[in-house]
Amino acid sequence: MIPPGGAAVEPLDAPAGGPEGSGFARQLEGAQEASAPSPDAAPTPGDLSSIASAVDEGRLSAAEAVRAVVEQALSAQLPGDASPELRARVRAMIEATLQSDPLLSGLVKQLGGRA
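Since this is a predicted model, take the numbers as computed values, not measurements.

On to the environment of D101. One can find D101 in the loop between α4 (84–100) and α5 (102–114). D101 gets classed as partly exposed once you look at its relative accessible area, which sits at 28%. Among the polar contacts made by the side chain of D101, one reaches the main-chain amide nitrogen of L103 at a distance of 3.0 Å.

Following this line, the structure appears as structure tokens:
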């Protein structure tokens, strides 16, 4: 396949470098395996339902529930050896998104009305 004004490009699924393939798709597979979070770190649905139950029962405020879910997301998505600085930056980005995204901020506000 030749893009307009460019050189020929192999499709992603075409093996490059022989029958075993060492193309872009193969490299991506290796990168995904190396960066995949540990299954032990992923939150289980029970964790989220226990947070929701705690909010319903008044044991957690909406703000505490949001913090707990953000911490679960950080633990599930960041490597175990992530620096405190990286965790703080990602946490700040998630919190900013929760405030600035109309859909997410609306959900957080609804959660606050439940408590």
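There is more to say, and it comes next.
Turning next to helix α3 (residues 62–77). Taking 1.5 Å of rise per residue, 16 residues should cover 22 Å, and α3 covers 22 Å from first to last C-alpha, within 8% of that figure. Every buried residue of α3 is listed here: A62, A65, V66, V70, Q72, L74 and A76.

A word on the nonpolar core. The nonpolar side chains of a soluble globular protein tend to be buried with one another. Counting residues in hydrophobic clusters, the biggest one holds eleven residues: I51, V55, A62, A65, V66, V70, L74, L78, A82, L98 and L111. Put simply, the parts of the chain that give this core at least two residues each are α2 (45–56) and α3. Ranked by the residues each element gives to this core, the list is headed by α3, at five residues. Leaving out residues up to four positions away in the same chain, L78 has contacts with L86, R87 and V90.

Let's shift gears to the packing of α3 against α4. In helix packing, the relevant descriptors are the interaxial angle and the interaxial distance, both defined with respect to the helix axes. It is at 10 Å that the axes of α3 and α4 come closest, and there the two elements cross at 130°. Between α3 and α4, the angle is such that the two are oblique. For the crossing formed where α3 meets α4, the hand is right-handed. Across the interface between the two elements, V66, V70, E71, L74 and S75 from α3 touch R87, V90, R91, I94 and L98 from α4. Classifying every residue of the contact of α3 with α4 by side-chain character gives six nonpolar, one polar and three charged.

The final tally for this structure, using the stated rule, is three salt bridges. One salt bridge connects R59 with E57, and the closest N-O pair in it is separated by 2.8 Å. Of the residues examined, R59 reaches a relative accessible area of 56% and is grouped as exposed. Residue classification places E57 among the exposed residues on the basis of a relative accessible area of 53%. A salt bridge links E71 to R87; its shortest N-O distance comes to 3.2 Å. Taken together, the residues E71 in helix α3 and R87 in helix α4 connect sequence positions 16 residues apart.

Conventions used here
- Note that residues are indexed from 1 along each chain, following the sequence as it is written.
- In keeping with the model being predicted, local features are shown solely for residues with a pLDDT of at least 70 and side-chain atom pairs are shown and tallied solely at 80 or more, while totals for entire chains, interfaces and linings include all residues.
- Excluding hydrogens and water, the side-chain values take into account all heavy atoms of the structure.
- Only DSSP runs of H or I with at least four residues qualify as helices, and only runs of E with at least two residues qualify as strands; both kinds are numbered from the N terminus onward.
- Buried, partly exposed and exposed residues are distinguished by accessible area as a fraction of the type maximum, computed with a 1.4 Å probe on protein chains only: under 20%, between the cut-offs, and over 50%, respectively.
- We call two N or O atoms a polar contact when they sit within 3.5 Å, provided that within protein one can donate a hydrogen and the other can accept it, with sequence-adjacent residues counted only if both atoms are side-chain atoms.
- Take the number of residues in a helix, subtract one, and multiply by 1.5 Å to get its expected span.
- What is meant by a nonpolar core is a set of buried Ala, Val, Leu, Ile, Met, Phe, Trp, Tyr and Cys residues, joined one to another through side-chain atoms within 4.5 Å.
- By the convention used here, residues are in contact when the closest approach between their heavy atoms is within 4.5 Å.
- Between N-to-C directions, angles cover 0 to 180 degrees, with each direction set by a line fitted to C-alpha atoms, over the stretch in contact for helices.
- Roughly parallel refers to an angle under 35 degrees, roughly antiparallel to one over 145, roughly perpendicular to one between 65 and 115, and oblique to any angle outside these ranges.
- Crossings are classed by handedness, with left-handed meaning an anticlockwise turn of the near helix from the far one by less than a right angle and right-handed meaning a clockwise turn.
- Residues are grouped as follows: Ala, Val, Leu, Ile, Met, Phe, Trp, Tyr, Cys and Pro are nonpolar; Asp, Glu, Lys and Arg are charged; all remaining types, including Gly, are polar.
- The term salt bridge refers to a pairing of a side-chain nitrogen on Lys or Arg with a carboxyl oxygen on Asp or Glu at a separation within 4 Å.

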